[in-house]
Amino acid sequence: MSPLPAPPTRTAPALPTGRVPHRIRGRLVTVDQPLRLGAGGRPAAEAVRFLRECQSHDLVVRWLPATDDPLFTGPAHEVSATAVLLRHLPAPGPLPGEPPEITTWRDRHAYGQLYHRRGPDFVTVMDRREPSAAARFTIDDPDLLATFRTVQDATAVTALSAIGREAVELLAAERLAWVTDGWAVALPPRIRRWPVPCTDI
């Protein structure tokens, strides 16, 4: 009787590097410094891109927010709106005295709350961040699709054409892109495994 073949090795995914110092071991990613998602601008957009890519690969992420991050210390309505917008991303570790919205983010986070799949000349997006208002989008307009692809990387809004800026506004209005202090980044991770139930794909 021949021995069973060894299980396939899972290689570490290629994550965006340079902007978010981190270590990866198996499926665990440890971010080496506090993130300031609420600070805005390029650092916040790069941090969201990093967390989005980790979510795309269904990795476990350990990260802490900076203690002076406006996301955690700002007005309650702003904290709540941002936490709901980003709740599909890996949640931060706990901080003493954190707003209840952040605890809810951690408790309700799950793979597959928001994701996109790519087809020829279109992208489909499933948004279940708010279970009572789940939505499915198809992005097939060439300008909108090109902009969605561009803002997979953190992108300065001023670097976009007039059509690109208008497209980013539309994506942000549908909560599919985040614009923070002149920088834009797409929010839906690319799906890389079937969520449960698979009929929701």
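Everything below is about the structure printed above this text.
It should be emphasised that the depicted structure is a prediction, and the values quoted were computed from it without experimental measurement. (Residues numbered from 1 in each chain as written. Predicted model: local features only at pLDDT ≥ 70, side-chain atom pairs only at ≥ 80, totals over all residues. Heavy atoms only, no water.)

Caption draft 1: Fine view of the side chain of Asp-69. Its place among the elements puts Asp-69 in the loop between β3 (60-62) and α2 (70-73). Of the side chains with opposite charge, Arg-36 lies nearest to the buried Asp-69, which makes no salt bridge, at 5.8 Å. Non-local contacts of Asp-69, meaning those with residues more than four positions away in its chain, are made with Leu-35, Arg-36, Leu-37, Gly-38 and Ala-39. (Helix = DSSP H or I, 4+ residues; strand = E, 2+ residues; numbered from the N terminus. Buried < 20%, exposed > 50% of the residue type's maximum accessible area, 1.4 Å probe, protein only. Lys, Arg positive; Asp, Glu negative; His and termini not counted. Salt bridge = Lys/Arg side-chain N within 4 Å of Asp/Glu carboxyl O. Contact = heavy atoms within 4.5 Å.)

Caption draft 2: Region of interest: the packing of helix α5 (residues 142-150) against helix α6 (residues 162-173). Orientation of α5 relative to α6, taken along the N-to-C sense of each, is 80°, at an axis distance of 9 Å. In terms of orientation, α5 lies roughly perpendicular with respect to α6. In this structure, α5 contributes Asp-143, Leu-144, Thr-147 and Phe-148 to the contact, and α6 contributes Ile-163, Gly-164, Ala-167, Val-168, Leu-170 and Leu-171. Within the contact of α5 with α6, the residues separate by chemical class into 7 nonpolar, 2 polar and 1 charged. (Axes fitted to C-alpha atoms, helices over the stretch in contact; angles between N-to-C directions. Parallel < 35°, antiparallel > 145°, perpendicular 65-115°, else oblique. Nonpolar A, V, L, I, M, F, W, Y, C, P; charged D, E, K, R; others polar.)

Caption draft 3: Up close: the environment of Val-185. By the element assignment, Val-185 lies in strand β9 (residues 183-186). By relative accessible area, Val-185 is classed as buried at 0%. Each C-alpha atom, one on Val-185 and one on Val-168, is 9.0 Å from the other, the two residues being 17 residues apart in sequence. Ignoring anything within four residues of it in the chain, the contact list for Val-185 reads Ala-45, Val-48, Arg-49, Arg-52, Val-151, Gln-152, Ala-154, Ala-177 and Trp-178.

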